[in-house]
Structures are given as structure tokens and as C-alpha cells.
Amino acid sequence: MSITSLHLPAPIRRRQHHAPSDHARRDRAVELFESGSLRESVCETLAYLLPGTAVPDLVGEPLCFVQGSARVRVGIERDELAVGTVLAALQDGSQATAALRYFLTRMSSTGQLFQPRLRGDSIALEFRDRLALMHPLKLIEVLQRLPVEAYRNDAWLAQQFSVALPDREPVPPLDDDEFARAHLVWQRHWDQVDALMTESRRRRSLRVLDALGSLAVNHVNYALPLFGAVRARLNESADDFTDRDENPNRRDSVLAKCVKDMQQVGADELRACLGHLQYAINPQLDGTPSLLTSMLGGGQRMQATGELRAAGRALEAALELVSIYLYLLTHYSWPEEVEAALRAGLDLASDQPWREVTDLLWEHANSTAQTYGSHGAHDRDDDEAEAADGR
Amino acid sequence: MGADHDEAGAFPMDDIQQLGVYQVYTGSGTGSGFLIDATHLLTNCHVVSPFRQVAVELRDRTRILGTVRRLHPQRDLAIVELAHPLSGEVLALSDGVQLKPKQAVHILGFPVGLPLSLTEGVISHPRQLLDEQYFLQTDAAINPGNSGGPMLDDGRRIIAVTTCKLDAADSVGFGIPVTDVRRFVEEFRGQQSAFGVQCPACDHLIDSATRYCPSCGTDLDAQHDIRDYFDTPDPHPLVGFVEGALAGAGIDPVLARHGDHNWSFHVGSAPVKIWCCCSEHLNFSSPLAQTGNRNLDALFRHLLAAEHAPYFYDLNGNTIRLNLVVHVSDVFLPHEHADLAERVRQFVLKADASDDQLIRDYGCMPAPETQIDFLAGGGQHPR
């Protein structure tokens, strides 16, 4: 029997506090750097990324902040700034050769400033350079990207290679009630995606595959505080099944394999990969009014969705609309009222037949764009954001 | 078709490696060129412009310097004088009068940067008019990198010089007819000045920057900005930094150029590649060796050791690479260039030393791109 609706429950993941970036502080950091006030520039850069955090002098006392499960340390040693986080430690019983090969193959890389470095049996992600070469944009890049690499990999590394995680921030687990709800969300989500896979194959529609791939990964990342090995596996598959440049047959088979893999995740494994991670640096991008206008008002995707709706292709249009909402909620941080409005759209759509989802969300999207969007021409950045919306 | 030729013996292409066709490298891309005598190479104007010095790569992957002597922007031809004579076979120019549709065409060149390759087709039109010029039209495959290479007949004579293809159509490529090539070469033989550009209207050789052709009065800026050919363009700051650092490391930057924001060269036996990606990072990478099957734990520990900073190793499959990443913001700090250039110099030295060390101490094997075999045979790379 065909799937007739989508269940879109309220998220168990806790809301990230919305604090729009104060770009004037970044500009001030650049001015300080260019005027030769190097330490002040570093401190201003840290204040830009970590608003509200007291920044120590970094010489006698390094700054330590928590990003997900990574403890990141920033300090000044002589005339150098060092940023690092301990990733793992080899121990008796570790698959050392495989782990070391993984670090060299997947974590060492050109195109990034930080690298894995081995000291004794401890492997850390590190970046170090002279203060005179610490342009704020360079430091921002390191501080944003280095912890992500750490907290996305650490639990998976422990599971795969039996390495120790000696300096990992404990992740507050879900309580029993939260986990019970999360488990239900998980099971129902993958059952829905499984059923929609059948629809995608029956219709042989690239649009359905695009929207379904986006929904498959974004709904999980929006609704559940997932981390660790399961999230790593999901994201690795999503890199392929959401890649619109990839062969559709391959995307389809990777998604199908991923659905099977995720359906087989047991309660214990899932529980170990759920927890309320804390982020000193907001891992989400700043949502902007012009982005809302672009995505929900009259951008290319909405135009294409309108054509599907007019042609009576309700399932395709509904999936497209839901995936846009989930994308905005997963990847962007919004003021509370905007987030509530976007959530209200999903509440309207939850458990409704496709045609009603299409009509309700279409109206809701336009109304949300009118209320919270920008009313001038949307800017180039948002066009790019829309174009890059693979998930 | 090929079988017919072999049986008839009319098209001796058994060893194209002996032919005087070479790859030309500049800071904007790569192309092909062929010897018109031991010290001069003919190619396209668009292959060498806007550079007055280019690199020419030989079969053993060493490169020699070439100096542009003559350009014809309108006819898209150029002559490059080589730093020293080459022994490749100089192909003869055909008389070009017998060309007919369906006649076989053999194109030599370096498509998409691959080693010397031969593609075949037929003449679709021997004298196709396009943009007020005549071209030899062919259905043979032409790809980026083929530009400037010779189009040959069955007798291995040059009938045209590959210049372009239509992107919007399949199998529509063009060559500059040999009659124009012959005239260009003959006029070059009488050239007195070190460098000259031919007027697009009257073919008069102009040897200094001027707006109007001294012979026919044509406004040269209106057609090809010919004054630009007499100026060395200011390099992008990133290019200026890399090439300054390479010079400091004893590497000739002209010989290292490998297209836009790309460089490649060998230092000792180690290949080094430099490229800029995402407008944020300048990457230096040297594929040094391949992992063996023993001692891997010790090898990997050595590669990951913190002592290598700021350099680092990674693995691409089984290939071990030494790398350095420079943030583009650093390049815009001129007062720090000396320090950064020293990092580059040390990177080059470390790359040169590391492949030997990996092979000696950890049982690694040479990476396919290294030139250990070549150097063991006595070869030397010009610096």
C-alpha cells in the first residue's frame, strides 16, 4: 500500500541559541591585525566567534571551549598561536595500523590548515602558526572547521578501531522518556523513507529522489541530537545520495542501502549515539530574511514546486516543500519567532494527505516569506545557498 | 583505416615519440608545438600569450626554456626559440595543394595534458571560410591541449596546425592551412628583431608597442590590443608569491608553470605540484613513494609525527604525499614573504630527501611519478 502522508514530529534535539554574528567584531579584528596589534586581533576574533565567552590572556592560560564532544584549546606559545584538540589515543587492543592509515587517508588533507599529529600514542588535530600570520579569516576558518572534524569522528574512531578517547567532553545522554520518543521517531522516519523509496522507484522521478534524499538526512539531523558512529555513517551515505552530480542509479542504491543500514540500528546502538551536545560556536549558519524570501518566496525551487503543484503531482510537490522546511531548520539558526513559524508549517503538514500538504505548505511558505522575509531583491549569497542546497 | 596504412606502409607512425612534437607550458595553460628546425618550435599564438617565455617539456619530462620570437594573433601562430637544440624529427610542410574532402588527417598533440597522442579523422572541408579566414576543417577529435600541434597527411607531412573546435557541435575542428604556416615561417627566417607581432590587417611585422600599424595605419588596439603583447603583465599577487618563492628555492618558475595558478616540477627525484583551490589555500604536494606491505605501523607513525609540522604527510590510496598548505591571506602580507618563502624552500628540500628516506628506512616503493629511475640512469633536471 502506498504511503499517503508523512509524520513530522516535534524535535527532540534542543534548540541552538540564536545569536546573530556580530560581523563588526570580525572587521575590528582585521583592523587590529593590519595595524600590528596581533594578540588583540586574536582576542577579538575569539570574541566574534564565541560571544559572551571571557577570553583569557592565552599566554599563561589557554582558552578551552567545548564544541560537540571536542575540547578545543587555544593558546599562545612564544610568538605562535596553537589550536588543538585531542582526538584519540592508541591503546592495547587498538587496531593501530588501520587507525593510523585512516588518519593519513581521511583526516590529513590539503585544502585545510589543521592536520592530525601524533605525539606518543596520542593523536590530535592541530594548527599552529606565528601570530604575524594569524589573519582573522584564517583563524576563523580553523576554529570553525577543526572541532567539526573532531566531534564528527571521535566516537566512530573508537567504535571502528578500539582507540581510547582520553580528552572527550562527556555528552549528556537523553533521559528515558526522550529516548523512547527518539526511538519511535527514528523507526518511523526510516519506515517512511523506505516506503517513499518505493514511490521514487515506481515513478522513476529524479525530483522525488532529490527531495527524498534531502528529507532522509535532514529530518534526522533536525529532529534528533544524533552524533557519533551512526551519524558518521548516515552523513557518509548522504554525501553520495544527495549529490546531484552523481549518477541517479547510484544515488538510489546508496540511499536504499543506507535505509537498510539505519533500520538495523538497534536501541542500544542508537542510545549510545544520542545526546545533547553543546556548541560554543554555533554550528548552524545565520538564517536571514533574504534567505527566507529566496527559499520560500519566489526562488527557483519554489517555482519548480509550483509547476509540480499545478500539474497535480502532489507527492512530488509535498516532498519538495517539506524538504525545503527541513533544510532551513537543520542548517540555519533563526530568531525564535521565525523558527516557530517554520515549525508550524511542519505541524500543518504532519500526517496530512499529499494534496493537503501541498496546498497548506504552499500557502504557509508564501505567508512566512511575506512576514519574515526581505522585500527587496534577494541577494546573490542566497541564490548560491539555494543552488547549493543538496540536502 | 589504420590497418590499410600499415599494409601499404604509407603512414609510418610506428614511433611517434621520435617526432619533434612537444608540449608547451605557460601560466595560463598547456598546448602543443612542433619543431620547424632544431631550435624553433611553432605553436598557436593563443597557447603562448601573454607570456614571452614558456616551458617546453621533453619526452623524459624535463623542461627547457622557450622564448617567444614572433606572433601572428590574427592567424593564431607563434614561433618559440628553444634554449638549446632538440633532436626530434622535424616534420616537413606539405605543399597543401592536393587536399580533398575525405582525405585522412592525423593529429598529434597532448590532449588534456596527456602524453603525446595521435588522433585520426578525415578532412571535412579543405578550405572552410570562418570569420573571414580559411581553415582546414576536420572531424578528428580535438581537445584542450591539442592546440598548436600538427595535422598530418598519410605521408607524414604537415597540412595544418590545430587551432580550435566548435564547442556547440560534434567533430568540427579546425586547423590553420599549411600555406599560411609556410608563409609565417618563411617570413620569420628573415626576421631581424628579437620579437615581433604581425599586423592583423597587413601582416607587417611590428617590433615595438604602437597603437597604429606603421605600414597600413590600422588601429591595433581595436582588434587585438597588440600593445599588450609587448608588456609583461603584472602577475597576480599569488602568482608573484609562488614564483618568487620557487626562485628562492632554486627552481626556475617559468619552467614550473603548469597553467593558471598551477605549477609542477621535479626536485631531484620528487615531483612537486602546486595549486590554489577554493581561493583560500595554496597547496604544495609531492607524491613521494608507495607503501610496501611491511613495517606499516612504524611507517604510519613516522608520517603522522608532530615533528614534521608545518609540513604533513597524507595517503592517497597507497601513495605517500608530503604537503604544505599556505593560507591565501598570508600571501597578502608582503613583509612575511621571506619567512614563507623559506618554508617553501624547506618543503622542496624535504621532498627531495624524503622519498629516498621512505624507500631506505621503511621499505616503500617509488611512486609512479617520481623520477628515481630516470636519475639513476644519469639524467639531470635543469634548474
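Residues numbered from 1 in each chain as written. Chains lettered and ligands numbered in written order. Predicted model: local features only at pLDDT ≥ 70, side-chain atom pairs only at ≥ 80, totals over all residues. Heavy atoms only, no water.

Chemist: Lay out the domain arrangement of chain A with the relevant residues and their values.
Modeler: All names here are of chain A. Domains assigned within chain A are domain 1 (23–161), domain 2 (176–279) and domain 3 (285–379). Computed from C-alpha atoms alone, the centre-to-centre distance between domain 1 and domain 2 is 30 Å. In this complex, domain 1 contributes 10 residues to the contact, which on the side of domain 2 involves 10 residues. Taking both partners together, domain 1 and domain 2 bury about 820 Å²; carbon and sulfur atoms supply 56% of that area. (Domains from an automatic or database assignment. Contact = heavy atoms within 4.5 Å. Buried area = accessible area lost by both parts, 1.4 Å probe.)

Chemist: Any chance you could break down the sheet that holds strand β11 (residues 158–165) of chain B for me, citing the residues and the numbers?
Modeler: All names here are of chain B. Around the barrel, six strands lie side by side as β7-β8-β9-β12-β11-β10; this closed barrel has antiparallel pairing. In this sheet, adjacent strand axes meet at a mean angle of 45° when their direction is disregarded. Pairing analysis gives five bridges linking β11 to strand β12 (residues 173–177), with the strands arranged antiparallel. Along β12, the bridge assignment pairs T162 with G175. Here helix α3 (residues 178–189) sits on the sheet in contact with β11 and β12, set at roughly 45° to β12. (Pairing = 2+ DSSP bridges. Helix = DSSP H or I, 4+ residues; strand = E, 2+ residues; numbered from the N terminus. Axes fitted to C-alpha atoms, helices over the stretch in contact; angles between N-to-C directions.)

Chemist: Run through the side chain of H183(A), naming residues and quoting values.
Modeler: With respect to the helices and strands, the residue H183(A) is situated in helix α5 (residues 176–203). Not counting residues within four places of it along the chain, the set of residues in contact with H183(A) comprises A267(A) and L270(A).

Chemist: Give me the nonpolar core: which residues, what numbers.
Modeler: Residue and element names in this part refer to chain A. By size, the foremost hydrophobic cluster in this structure holds 96 residues, and its most contacted members are L81, V83 and F103. For this core, the element with the most residues is helix α4 (residues 136–161), which contributes 11 residues. Composition of this core by domain shows at least three residues from each of domain 1 (23–161) and domain 2 (176–279). Not counting chain neighbours up to four residues away, the residues in contact with L81 comprise V42, L58, V74, G75, I76, F127, R128, D129, L131, M134 and L139. One finds L196, A318, Y325 and A349 within the second-largest nonpolar core, a separate group that totals 68 residues. (Core = buried A, V, L, I, M, F, W, Y, C linked by side-chain atoms within 4.5 Å. Buried < 20%, exposed > 50% of the residue type's maximum accessible area, 1.4 Å probe, protein only.)

Chemist: Any details on the sheet that holds strand β3 (residues 80–89) of chain A? Residues and values, ideally.
Modeler: All names here are of chain A. Taken in spatial order, the six strands make up an open sheet running β4-β5-β3-β2-β1-β6, and their pairing is antiparallel. Looking along the sheet, the strands with just one partner apiece sit at the ends: β4 (115–119) and β6 (278–279). With five bridges connecting them, strand β1 (residues 63–68) and strand β2 (residues 70–77) associate as antiparallel partners. Looking at β2, one finds that L63 is bridged to V74. Seen against the sheet, α4 touches β1, β2, β3, β5 (122–130) and β6 and runs at an angle of roughly 10° to β3.

Chemist: Before we move on, could you go through helix α3 (residues 96–107) of chain A and cite the residues and values that matter?
Modeler: For α3(A), spanning 12 residues, the distance from its first C-alpha to its last is 15 Å, which sits close to the expected 16 Å at 1.5 Å a residue. Turning to α3(A), its buried residues number three or more, namely A96(A), A99(A), L100(A), Y102(A), F103(A), L104(A) and M107(A). Looking at the packing, one finds that the buried side of α3(A) touches β3, β4, β5 and α4 of chain A together with α7 (296–304) and β18 (312–316) of chain B. (Expected span 1.5 Å × (residues − 1).)

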